[in-house]
Each structure stands twice: as structure tokens, then as C-alpha cells.
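Secondary and tertiary structure notes
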Amino acid sequence: MMSKQMGLGPGTAARFTGAGALVLFLCWQHVQATRLGYQVEASRKDALRVGARVATLRVELEERLSPAEVSVRAARLGLVPVAPDALRRLPEQRLSSPGLFSRWWARRRGPLTASARS
Amino acid sequence: MDLGLRLSVVSALSLLPAGALGLRLGHLQILRHGALESRASGEFSRVTQEAAPRADILDRNGRVLARSVPAWSCFVDKAMVKDADAFASKLAPVLRLPAAELARKTRSAGRFSWLKTKMDAPEVEALKRAKVDGVGIAPIQERVYPNGELARGVLGLVGSEGRGLSGAEMTLEKRLRGAPRRFQLIRDGAGHAIYQSVSDDGPSPEPVRLTLDRNVQYLAEEALRTGAEKHSFKSGYLAVQDPRTGEILAMAAWPSNPLKNPLVQDAYEPGSTFKIVAALSAVDDGLVKPQDTFDGEQGKWQVTPGVTITDHEGQGLMTLAQILERSSNIGIAKVVDRVGAARFYRMSRAFGFGVKTGVALPGETAGELKPLSDLTKVGLAASSYGYGLAVSPLQVLSAYSALANGGTLLEPKILLDDKPAAKVRRVAGASAIAEIAGMLEGVVERGTATGARIPGYRVAGKTGTARKIDPLTRKYSTSSYVASFVGFLPASEPRWTILVILHEPQGAYYGGLTAAPIFSQLGRRLLTLESVAPDKPADPAVGTARRP
């Protein structure tokens with residue numbers, strides 16, 4: 001009679017098992033949350049570092065494209081600023097001739113060439 | 001004794017400490033709950049703040065003029081440093097700073113001291129690896145200007161706390177400054193961050209686009225720099241405006257100073273560039289006809305007893321166009337005498353002199369016009385050729401832009417937006433404006449500003465050469481001048497108004513010899529940059545393309 005009272009019934013055992021599983025689950029969840037927290041933090045730092053690098057590279061690109069830098073590189077290549085009197089403008093009516101025939105005719109006449117002081 | 005009683009006594013005795021513990025637990029958990037909870041969360045969890053990047057400042061084509069990049073600063077907590085010399089010698093190779101400097105900073109007063117600012121990511125990693133006690137790292141946002149000193153007078157400066165101190169950085173502070181991000185930080189026992197959650201992520205500020213054109217700005221600064229080498233002036237300013245919209249395309253100052261924009265903040269006596277006010281007033285009110293002549297008195301005229309006006313060259317009879325071409329002070333003084341003080345004053349105001357233009361840049365000066373009551377015969381004569389008054393370079397630029405666009409004074413714009421040009425007022429009738437603009441073309445073709453000519457293009461403008469006031473004698477100096485030229489091009493359909501002001505040029509000091517060539521140099525570059533077709537096709541200097 002006594003041993004029957006001390007023993008656990010299937011319902012109680014199931015409840016204990018369930019509670020234990022819940023405790024284990026909560027522990028596992030807590031450990032996972034902490035582990036993921038470290039990962040998130042590490043990723044955030046990575047993102048920050050990469051973001052900083054991207055920003056630095058963008059600034060470097062802008063520096064390379066700055067007019068002063070381009071001017072120095074152009075001078076190194078022997079390029080000089082063009083003067084407006086060196087501009088050669090093509091007559092606009094020739095460029096804007098529409099239609100297949102006029103284009104074919106223009107091609108037959110040969111390419112346009114520029115000459116100074118006509 | 002009954003077994004049950006004995007068991008009860010033993011149980012009670014053994015449970016007594018547990019009861020005491022329970023009471024203590026209840027005390028801690030219930031009565032002191034609030035205080036202990038905040039203490040615990042202070043140990044493991046805290047709120048941190050991260051500096052938000054300021055918005056980019058872009059030019060009109062979207063090129064970056066100013067940008068914030070993440071950087072780090074490191075500091076020392078002196079309470080954790082026992083031996084400053086050992087500390088400094090350990091840090092010196094990591095921070096690439098002299099050990100003596102680090103030791104000095106560590107010994108200086110106060111518990112906290114910055115050791116190095118604007119560190120990049122590899123430096124920070126190296127510092128972390130070194131594991132030096134007493135060193136802390138703080139993230140900051142570094143403001144960088146990828147074009148170096150380009151347009152720094154306009155852009156301004158940002159202080160170490162990330163606030164704009166001058167220029168556009170200051171006036172646009174509210175638009176540029178981002179809200180800092182707040183984080184809830186949970187740390188482990190060793191103090192390492194386990195997790196950060198964003199608790200307050202403010203909206204990132206939108207980039208601000210200025211009307212400046214990076215290329216035009218560069219060309220303006222280059223022209224000014226070249227001019228400085230040639231004429232050795234003390235300081236020089238150059239501004240470019242689109243007269244059709246009022247947008248400022250470039251503002252250059254030499255030498256460059258990020259704390260000051262003299263084109264907006266300084267006032268000066270404009271000299272002969274101011275002659276357009278009297279001339280336009282006379283033409284607009286029909287007081288002077290193109291064929292009317294004025295006697296140049298051979299370069300010397302007594303306005304009132306004891307007051308004589310002189311010209312740099314003796315002149316005879318001159319039309320208004322010739323007065324402007326030869327920049328005759330006597331001629332314009334006689335014109336303004338016909339115009340009268342009230343009309344002259346009204347026209348000065350109509351051009352916007354004496355009031356701020358309203359440009360979105362800090363510290364703008366309104367200049368100073370003599371009140372109407374002070375415009376005596378002598379005062380009026382002096383004002384007609386730009387003496388006895390003070391104007392800002394931006395006011396002069398806007399006034400000439402009004403001439404260039406057909407007579408509408410526009411509010412100068414530095415912020416690019418979709419809004420139409422802000423019209424302030426109509427200055428004068430279209431025919432009067434066209435007549436004066438034609439006369440200004442004559443100034444470049446035949447007058448004092450031949451140095452501003454550009455082959456193949458029509459250019460209009462006016463020179464100015466004004467004596468400066470000697471600060472010691474408080475009289476006009478005979479050796480220091482302000483030379484200037486302001487004009488627009490191509491005159492047939494103006495796209496740019498350019499103002500050049502040179503303070504104290506050495507050697508040749510006339511505006512036509514010093515400032516006008518700088519205008520011409522910049523004008524040529526702008527015309528080629530934008531491939532503007534020549535508007536003076538008869539000029540043999542310009543070639544045309546043709547078939548062989």
C-alpha cells in the first residue's frame with residue numbers, strides 16, 4: 001500500500017518529464033540566444049568595418065575624380081586645356097538631315113573633316 | 001517524547017534558517033526589488049549612443065564635396081595608468097606617435113585625455129591586439145572633403161563634436177546633422193558585448209545638393225591662382241553665377257579660408273563697376289539719349305569749391321557709352337547730376353545694394369549705402385563712381401546678372417532645388433537694360449577692358465579700380481587699390497556672370513590689366529567646357545568644320 005503511494009503514476013511522470021523538457025528547452029534557448037547574440041554582435045562589427053572601408057574607398061574614388069587630380073594626370077599625359085577658338089562646329093542642318101536617302105547621300109560624300117580658318 | 005513531536009522539532013529547527021533565508025529573500029525580492037533590478041541592469045545592460053553620420057554635401061551634378069566616414073578616436077583613462085612612460089612606449093609604435101607626446105598627454109591634468117583622433121580600422125585593430133590597459137576607443141564620424149581645399153570657403157568647417165562651425169556646414173546644420181543611433185547593450189561578465197539592439201534609429205539625413213559646379217569651381221580657383229602668381233595680389237575673389245536662374249556656380253577666394261567666405265561677408269568700395277547704376281537710371285528715365293554728350297573737362301573738374309574730380313586720362317566730349325568705355329569719373333558725375341539723388345538712390349536700392357541678398361550662407365553683409373539725405377552734390381558724384389559706399393561682391397554679381405538676364409534681379413541661390421528662380425524685382429525697362437548691356441560690350445571691345453575679350457564671343461563687362469583706405473591715415477591710399485572686373489558672356493545669350501576682385505595687386509593695378517584677363521581665362525575655359533557656339537561668327541579666329 002505504502003509503495004503504491006510512494007510510486008509515481010504515469011500522469012505525474014509525464015508532467016515531471018514535460019517540466020524537465022521545458023526547463024531544458026528554456027536553458028537551450030537561453031544558450032542559443034547568447035550564442036546568437038555574440039554572432040550578431042560580431043557581424044555588426046564586421047558590417048561596421050566593411051561599411052567604413054566602403055566609405056573610405058568612395059572617398060578615395062572621389063579624390064581620384066577630383067578636378068585637381070584629373071588635371072595633374074592630364075598634364076602628365078601631355079594634355080593641355082583646349083581654347084574656344086580651337087572648337088570646330090559642324091553645320092547643324094547636315095547633322096540633322098533625316099531619312100535614309102539623305103544619310104546614304106551624306107555617306108557617299110565622305111566623312112566630315114575639320115579645318116581651321118576656312 | 002513522542003516520535004511525531006521530535007520529528008516536528010527537528011524539522012522546525014532545520015527549517016528555521018530556511019525561513020530566515022525566505023524572509024531575507026522576500027525583503028530583497030519584494031521590498032528592494034526596484035533598486036536591485038536597476039543595479040543589476042546597470043552591470044549587464046546599458047544604453048550606448050553612436051554618432052550619426054552627417055549628410056553628404058554634393059555639387060549640382062551629384063559629385064561629393066563633403067562626406068562623413070566612420071573613424072575612431074582613442075583616449076586614456078589616467079586612473080588606470082601607473083607608469084606613464086612605460087604606457088607611452090608601449091603605445092607609440094601602435095599609434096605611430098612619438099612616445100614623448102603620448103607621455104605628455106598622459107601626464108596632463110584631468111583623468112581623461114584624447115591620444116589620437118581620426119584613426120582608421122586597421123589602426124584600431126592593432127590597438128585592440130596590443131591590449132594596453134587604460135586605453136579606450138570611441139567611434140566618431142570624420143568629415144572629409146575629397147576635393148581638398150576646393151570651395152572650402154563655401155563649405156566651411158565641422159568641429160570635433162560634429163557641429164558645423166562655418167559656411168554651408170553651419171547654415172545647413174539642421175539638414176546635415178543626423179540623429180544619433182541609440183543601442184541597448186547587454187554585456188557578459190568579462191564586459192564583452194553580447195548583443196546590441198537598436199532602440200532608437202533616427203532617419204538618415206538626405207544629401208544636400210548645392211548649386212556649385214565642381215568643375216567650374218576648380219576652373220575659378222585655378223584662374224585666381226594663376227592670377228595671383230602673375231599680379232601678386234594680397235587677396236582675390238572670384239564668383240560665377242548663372243544669370244538665368246541666380247544659381248551660384250562657383251565662389252573662390254585666394255588664399256582659401258574655410259572659416260570665411262569674403263564674397264558674402266566682406267564689403268568693399270566697388271569703384272567704377274558701380275557706374276552702371278547712374279547710367280541705367282539715366283537711360284531708363286530717358287534723361288540721357290545715346291547721342292547726348294558730356295564734357296570730360298580734360299580730366300579735371302571742380303564739382304564744388306575745394307572738391308575736384310580727376311580722371312586717369314584727359315577727355316573731351318563723351319557720350320554715355322564712351323563714358324563707360326573710358327570709365328570717366330567726371331563723365332558719370334555729370335550724368336548723375338542730371339539723374340538726381342532720389343533717382344540714383346532708388347536705382348541703387350533696385351539693384352539690391354544696401355540690403356542682404358538672402359543667400360543661405362552665414363554672416364552675409366548688407367553693405368552700406370549713404371542715406372538719401374547724405375547724398376549732397378559731392379557725395380552723389382562720389383557714389384556715382386563707386387566711392388563712399390560699401391557693397392558685397394555677391395551684390396555686385398547679382399546686379400550684373402540682372403543686366404545679363406534682361407533686367408530681373410534674382411535672389412542668389414546656393415541650394416539646388418526644383419523651385420523656380422526667386423525674382424526679387426524688375427530693375428528697369430527692357431530697352432534700357434539692352435542699351436546698357438550694349439554699352440558694356442563696348443567697354444570690352446574698345447574700352448578699358450580689352451583684356452577680357454574672348455575671340456569668337458561677345459563679352460560685356462565693366463572694370464573697376466578703387467583706391468583703398470589706408471588704415472593708418474584713414475585717407476585714400478595712393479599705393480593700394482582694389483582692381484575688379486565684372487561681366488557676362490556670351491553677351492548674345494548670357495550663361496555666366498563672372499566677378500573678379502583683386503586686393504592690392506602689385507605692379508599694374510588697373511582692373512582692365514589685372515582682373516579682366518582672369519575673367520577672360522575663366523570665360524574661355526567655361527565656353528569650351530560647355531561647348532558653347534561662338535556668337536561672333538565674323539571673328540576670323542574661330543574655325544568651322546567643312547567638307548574637303
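Residues numbered from 1 in each chain as written. Chains lettered and ligands numbered in written order. Predicted model: local features only at pLDDT ≥ 70, side-chain atom pairs only at ≥ 80, totals over all residues.

This part is about the overall build of chain B. In terms of helices and strands, chain B carries 18 helices and 22 strands. Structurally, chain B occupies a C-alpha span of about 145 × 65 × 45 Å along its principal axes. Counting all 548 residues of chain B, 45% fall into the buried class. Here the analysis covers contacts within chain B between residues at least 6 apart in sequence; of these, 70% occur between residues at least 24 apart. (Helix = DSSP H or I, 4+ residues; strand = E, 2+ residues; numbered from the N terminus. Buried ≥ 20, exposed ≤ 12 C-beta atoms within 10 Å, placed from the backbone. Contact = placed C-beta atoms within 7 Å.)

On to the overall build of chain A, then. Each helix and strand counted, chain A has five helices and one strand in total. The 118 residues of chain A split such that 3% are buried.

The subject of this paragraph is the nonpolar core. Residue and element names in this part refer to chain B. One finds Ala220, Leu238, Ala239, Ala279, Val335, Ile436 and Val500 to be the most contacted residues of the largest nonpolar core, which totals 141 residues. Both domain 1 (48-209) and domain 2 (214-529) contribute no fewer than three residues apiece to this core. Setting aside chain neighbours within four positions, we find Ile436 in contact with Ile276, Ala279, Leu280, Val283 and Leu403. (Core = buried A, V, L, I, M, F, W, Y, C linked by C-beta atoms within 7 Å. Domains from an automatic or database assignment.)

Here we come to unusual backbone geometry. One can expect most non-glycine residues to show negative phi and most peptide bonds to be in trans. Residues and elements named next belong to chain B. Residue Trp254 is joined to Pro255 through a cis peptide bond whose omega torsion reads -5°. Note that Pro255 resides in the loop between β12 (248-254) and α10 (262-265). With an omega of -20°, the peptide bond running from Leu489 to Pro490 counts as cis. For Pro490, the position within the fold is in the loop between β20 (476-489) and β21 (496-503). Phi angles above zero are rare outside glycine, and Arg96 is one such case at about 55°. Mapped onto the elements of the fold, Arg96 is located in the loop between α3 (84-95) and α4 (99-107).

All names here are of chain B. Orientation of helix α11 (residues 275-284) relative to helix α17 (residues 430-445), taken along the N-to-C sense of each, is 135°, at an axis distance of 9 Å. With respect to their mutual orientation, α11 and α17 come out oblique. As for the relative orientation of α11 and α17, their crossing is right-handed in sense. When α11 is examined against α17, the residues Ile276, Ala279, Leu280, Val283 and Asp284 are found in contact with a partner set consisting of Ala432, Glu435 and Ile436. Residues that form the contact of α11 with α17 fall into these classes: six nonpolar, no polar and two charged. (Axes fitted to C-alpha atoms, helices over the stretch in contact; angles between N-to-C directions. Parallel < 35°, antiparallel > 145°, perpendicular 65-115°, else oblique. Left-handed = near helix turned anticlockwise from the far one by under 90°. Nonpolar A, V, L, I, M, F, W, Y, C, P; charged D, E, K, R; others polar.)

Right, let's get into the confidence of the model for chain B. Any region with low pLDDT has predicted coordinates that should not be read closely. Confidence along chain B averages 90 in pLDDT terms, with 96% of residues attaining 70 or more. With pTM at 0.81, the complex prediction returns an ipTM value of 0.74. (pLDDT = per-residue confidence, 0-100.)

What follows is about the packing of helix α13 (residues 329-339) of chain B against helix α15 (residues 377-384) of chain B. Residues and elements named next belong to chain B. Taken N-terminus to C-terminus, the directions of α13 and α15 make an angle of 125°; their axes are 8 Å apart at the nearest point. For the element pair α13 / α15, the angle class is oblique. Crossing hand, α13 versus α15: right-handed. Contacts between α13 and α15 pair Ile332, Ala333 and Val336 from the former with Leu380, Ala381 and Ser384 from the latter. Residue composition of the contact of α13 with α15, by class: five nonpolar, one polar and no charged.

Whenever strands of a sheet pair, they do so through backbone hydrogen bonds, lying parallel or antiparallel. All names here are of chain B. Here five strands make up an open sheet; going across it, the order is β12-β11-β21-β20-β19 and the pairing antiparallel. Because the sheet does not close on itself, it has two edges, and the strands there are β12 and β19 (460-469). The sheet shows a mean angle of 10° between the axes of neighbouring strands, direction not considered. Here β20 pairs with β21 via eight bridges, running antiparallel. By the bridge assignment, Val486 is partnered in β21 with Leu499. On the sheet, α17 packs against β19 and β20 and is oriented at approximately 70° with respect to β19. On top of the sheet, helix α18 (residues 511-529) reaches β11 (235-241), β19, β20 and β21; it is set at about 25° to β20, its chief contact. (Pairing = 2+ DSSP bridges.)

Moving on: the environment of Pro180 of chain B. All names here are of chain B. Mapped onto the secondary structure, Pro180 falls in the loop between α8 (173-176) and β8 (181-187). A tally of 15 C-beta atoms within 10 Å means that Pro180 is categorised as partly exposed. Distance from Pro180 to Ala491, taken between C-alpha atoms, is 51 Å for residues 311 residues apart in sequence.

All names here are of chain B. In terms of burial, β21 is largely enclosed, as seven of its eight residues are buried. Summarising the sheet, β11 and β21 pair through seven bridges and their orientation is antiparallel. Among the inter-strand pairings, Ser235 is bridged to a residue of β21, identified as His503.

What follows covers the domain arrangement of chain B. Residues and elements named next belong to chain B. Domain boundaries assigned for chain B yield domain 1 (48-209) and domain 2 (214-529). Taking only C-alpha atoms, the centre of domain 1 and the centre of domain 2 are 46 Å apart. Residue assignment for the side of domain 1 that touches domain 2 shows that the elements contributing at least two residues are α6 (152-155) and α7 (167-171). Per-element tally for the side of domain 1 that touches domain 2: the top contributor is α7, with four residues. A breakdown of the residues in the side of domain 1 that touches domain 2 according to their chemical character gives seven nonpolar, seven polar and six charged.

Glancing now at the pairing of strand β3 (residues 64-77) of chain B. Residues and elements named next belong to chain B. The buried count for β3 comes to 10 of 14 residues, which makes it a mostly enclosed element. The sheet contact formed by strand β2 (residues 57-58) and β3 spans two bridges and is antiparallel. Its bridge partner being in β3, Ile57 is matched across the sheet by Ala66. Connecting the antiparallel pair β2 and β3 is a turn made up of five residues, with Gly62 showing a positive phi of about 85°. With five bridges joining them, β3 and strand β4 (residues 112-119) adopt antiparallel strand pairing. Looking across to β4, one finds that Val76 is bridged to Ser113.

Attention now goes to the environment of Leu263 of chain B. Looking at where Leu263 of chain B falls in the secondary structure, it is placed in helix α10. Separated by 143 residues in the primary sequence, Leu263 of chain B and Gly406 of chain B place their C-alpha atoms 24 Å from one another.

For the rest of this paragraph, the subject is the confidence of the model for chain A. Summing up the model confidence of chain A, the mean pLDDT is 78 and the portion of residues at 70 or higher is 74%. Contacts of residues 113-118 of chain A to residues separated by more than four positions or lying in other chains number 12 contacts, the stretch itself having pLDDT below 50.

To continue, consider the environment of Ala86 of chain B. Residue and element names in this part refer to chain B. Mapped onto the elements of the fold, Ala86 is located in helix α3. Taking the number of C-beta atoms within 10 Å as the measure of exposure, Ala86 has 13 and is therefore partly exposed. Spatially, the C-alpha atom of Ala86 lies 9.1 Å from that of Ala99, the residues being 13 residues apart in sequence.

Let's shift gears to helix α16 (residues 393-404) of chain B. All names here are of chain B. With 12 residues, α16 extends 16 Å from end C-alpha to end C-alpha; this agrees with the ideal 16 Å at 1.5 Å per step. Across the 12 residues of α16, 12 count as buried, placing the element largely inside the fold. Turning to α16, its buried residues are Pro393, Leu394, Gln395, Val396, Leu397, Ser398, Ala399, Tyr400, Ser401, Ala402, Leu403 and Ala404. One or two positions beyond α16, positive phi appears at Gly406, with a value near 100°. (Expected span 1.5 Å × (residues − 1).)

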